[in-house]
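# Observations on the model geometry
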Amino acid sequence: MKKIFSLMLIFTIAMLVIFAGCGRGNKAPVSSTSNDGPTGKILIYTSMYEDIIEAVSKVLARKFPNCQIEFFYGGTGTIQAKVAAEIAANKLGCDMLMVADPAYSLELKEKGLLYAYKSREASHLAFDYDKDGYWYPVRISNMVLAYNPEKYAKNTIPNSLYDFAFDSKVKGAVSMSNPLTSGTAMASITALRDKYGYEYFAALGKQEVKIESGSVALVKLETGECKVIMILEESVLKKREEEKSKLEVIYPTDGTIVVPSTIMTVNDQWSANKNTKAAEAITDWFLGTEGQEAIVDGWMHSARLNFNKIPYDAIPTRQIRDNSMPVNWENCYRQREELRTKFEENVTKKK
C-alpha cells in the first residue's frame, strides 16, 4: 500500500508541474507592444501643417501597422485652449503632443502632465532637450524674411529683422504672423524684445505691419502689395518646390530665429489611452534617421547632429545655427502674457 501511495503522489506532483507549465506558456503578458511593434491607440495633438501630417501618417502606418496613430491639427493657440479646457475637466484627449516650441513644453512639464522617457536617440540631437526626458526637439522651423525678386530688388528692402521694423521705406508693405495665436511668432517676438527691447513693438506699430496668416502674406508678396514679410522658411520652400514660385528667402543678417518644435508624451494619469510604451517607440522613430527624413521632406530642418539632408532649396542647418538670434524659452513661457499685452498695445490695437 505504501508503494502504491508513493507512486500516486509522484504522479500527482508531476501532473501539477505539467499543468502549471502549460498555464505559464499560454498566458500572454499585458503589454502595448508585440513582436511587430507597438499596439493600441495613440492620439497626437500637433501644430504641423495638415499636408505634412498626412504624409507622415502614411509612413507611420507602414512602420507601426498594429498601432492606430491619429493626429489632431491646430495652431498653437487652438491646442493651448483645448488642453486648458481638458485640464479643467481632469482628462486630456491626447497621448502625445508635437508643438511649436519648448516654451509650452516647459509649462506642461511644470503642471505635471508629461511622462519622462530617456530616448536612445537623445545623444544624436543637435539642439537642447529636457535632460529628464520630458521633451525633445523633433523638427526645426526658422523665422526668416521673404521677398519677390520679380517686384523688388533685394538691396532695396530690409535684409535684417531690425530693418523690417525700423526701415520707413517699407512702411505699410510688411506682414507677419500673429504671436497671440502662433507659437513660432511668439518665440520670434520674445527674441526680438530681448534683443531690441519693447521699442521694437512700437516700431512695428508705426511701420503699420499687417498681422495675418502666412498664406495670405505670400499672396501679397506675389502681387507686390507687400515688399517683405516675416515668415517661416518652410512656407516659402514649400511654395518654391510645389508651385515653382520665384519668391525667395532672406536669412536675416542679424540672425535667423531658430525654433525647435518639440515632441512629448502625456503621462498615464492624464493621457487618453495610457499607452506610453507605444509613445516611446514613436518618439524614437521621429528622432531617428527615418523620422527625420520625413521631417526634412516636409521642408523643415532635422534636429539631429550631422544630418546631411536639408530641405529643398534651403541653406545648410549648421549655417543657420551659426547666425541665429537666441530665444530665451523661460522668458517665452514666464513672460507670455506680458509680451502679448505689449504686442496688442503697440501693434494689433492700432489696426
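Shown above is the structure to which this text applies.
Here's what I pulled together on the structure shown here. Residue indices follow the written sequence of each chain, beginning from 1 at its first position. Side-chain atom pairs in this predicted model are given and counted only at pLDDT of 80 or more, local residue features only at pLDDT of at least 70, and totals for whole chains, interfaces and linings cover all residues. In computing side-chain values, all of the structure's heavy atoms are included and hydrogens and water are not.

### Some points on the layout of surface pockets
For clarity, the cut-off: Think of a 1 Å grid over just the protein atoms. A cavity is a set of points where a 1.4 Å probe fits yet cannot get out, a pocket is an open set with protein on both sides within 12 Å along at least five of seven lines, and lining residues have an atom within 4 Å of a point. Grid points are joined across faces, edges and corners, and a volume is the space filled by probe spheres set on the points. Secondary structure follows DSSP: runs of H or I at least 4 residues long count as helices, runs of E at least 2 residues long count as strands, and numbering of each begins at the N terminus. Residue classes follow a fixed rule: Ala, Val, Leu, Ile, Met, Phe, Trp, Tyr, Cys and Pro count as nonpolar, while Asp, Glu, Lys and Arg count as charged, and any other residue, Gly among them, counts as polar.
In this model, the largest pocket occupies a volume close to 730 Å³. Every residue lining the largest pocket is counted, 31 residues in all, and those nearest its centre are Y49, Y73, G214, L232 and S235. At the level of secondary structure, the elements contributing two or more residues to the lining of the largest pocket comprise β6 (136-147), α6 (183-196), α8 (214-223), β9 (228-232) and α9 (233-243). Here the element with the most residues in the lining of the largest pocket is α9; it accounts for 6 residues. Broken down by class, the residue content of the lining of the largest pocket amounts to 9 nonpolar, 15 polar and 7 charged. For the second largest pocket, the lining is made up of 14 residues, of which F127, D128, V258, P260 and W329 are closest to its centre. Counting only elements with at least two residues in the lining of the second largest pocket, the list comes to α4 (102-110) and β11 (257-265).

### Here's the deal with the environment of T253
As a reminder, the rule being used: Only protein chains enter the accessibility calculation, which uses a 1.4 Å probe. A residue is then buried if its area is under 20% of the maximum for its type, exposed if over 50%, and partly exposed in between. A contact between two residues is defined here by any heavy atoms of the two lying within 4.5 Å.
Residue placement: T253 occurs in the loop between β10 (248-250) and β11. By relative accessible area, T253 is classed as exposed at 56%. Sequence separation between T253 and N323 is 70 residues; the distance between their C-alpha atoms is 7.8 Å. The contact partners of T253, leaving out residues within four places of it in the chain, are N159, S160 and N323.

### Observations concerning the pattern of salt bridges
Rules: Should a side-chain nitrogen of Lys or Arg be within 4 Å of a carboxyl oxygen of Asp or Glu, the pair is scored as a salt bridge.
The full count for this structure, using the stated rule, is 24 salt bridges. The closest approach of N and O atoms between D194 and R193, which form a salt bridge, is 2.8 Å. In this structure D194 comes out as partly exposed when scored by relative accessible area, which is 35%. Residue E243 is joined to K239 by a salt bridge in which the shortest nitrogen-to-oxygen separation is 2.9 Å.

### Let's talk about the side chain of E280
By the secondary structure assignment, E280 is in helix α10 (residues 276-287). Not counting chain neighbours up to four residues away, the residues in contact with E280 comprise Y115 and Y117.

### Let's talk about empty space enclosed by the protein
Summed over all chains, the structure comprises 3 cavities of 30 Å³ or more. Its volume calculated, the largest cavity comes out at about 100 Å³. Taken together, the elements giving at least two residues each to the lining of the largest cavity come down to α3 (76-88), α4, α6 and α14 (336-346). Partitioned by chemical class, the residues of the lining of the largest cavity number 6 nonpolar, 6 polar and 3 charged. Reported here for the second largest cavity is a volume of approximately 60 Å³. For the second largest cavity, the full set of lining residues is Y115, Y117, G133, Y134, W135, Y136, I263, M264, T265 and T283.

### A closer look at helix α2 (residues 50-63)
Cut-off, in case you're wondering: How far a helix is expected to stretch is found by multiplying one less than its residue total by 1.5 Å. Our arc is simply the arc of the directions from the helix axis toward the C-beta atoms.
Taking 1.5 Å per residue, 14 residues should reach 20 Å; α2 reaches 20 Å between its end C-alpha atoms and fits that length. Taken together, the buried positions of α2 are occupied by I52, I53, V56, V59 and L60. Projection of α2 onto a plane perpendicular to its axis shows the buried side chains occupying an angular sector of 130 degrees, all on one side. Projecting away from the buried face of α2 at angles above 90 degrees are the exposed residues E50, K58 and R62.

### A word on the packing of aromatic side chains
Inclusion rule: Only rings of Phe, Tyr and Trp enter the pairing, Trp through its six-membered ring, and a pair is recorded when the two centres are within 6.5 Å. The plane angle decides the type: under 30 degrees is stacked, over 60 is edge-to-face, the rest tilted. For a Lys NZ or an Arg CZ to count as sitting over a ring, it must be within 6 Å of the ring centre and within 35 degrees of the ring normal.
Under the criterion given, the structure shown has 9 aromatic pairs. Judged by centre distance (6.1 Å) and plane angle (70 degrees), the ring pair of F166 and Y200 falls under edge-to-face. On the criterion of sequence distance, the pair formed by F166 in helix α5 (residues 161-166) and Y200 in helix α7 (residues 199-206) is long-range, its members being 34 residues apart. With centroids separated by 5.8 Å and ring planes inclined at 15 degrees, the aromatic side chains of Y196 and Y200 adopt a geometry described as stacked. Joined through ring pairs, the aromatic side chains of Y162, F166, Y196 and Y200 make up one cluster. It is K82 that lies over the ring of F72; its NZ or CZ is 4.8 Å from the centre.

### A word on the environment of I42
Within the fold, I42 resides in strand β3 (residues 40-46). Sequence separation of I42 and C67 is 25 residues, and the distance between their C-alpha atoms is 7.4 Å. When near neighbours in sequence (up to four residues on either side) are disregarded, I42 contacts C67, Q68, I69, E70, D95, M96, N273, N275, A278, A279 and I282.

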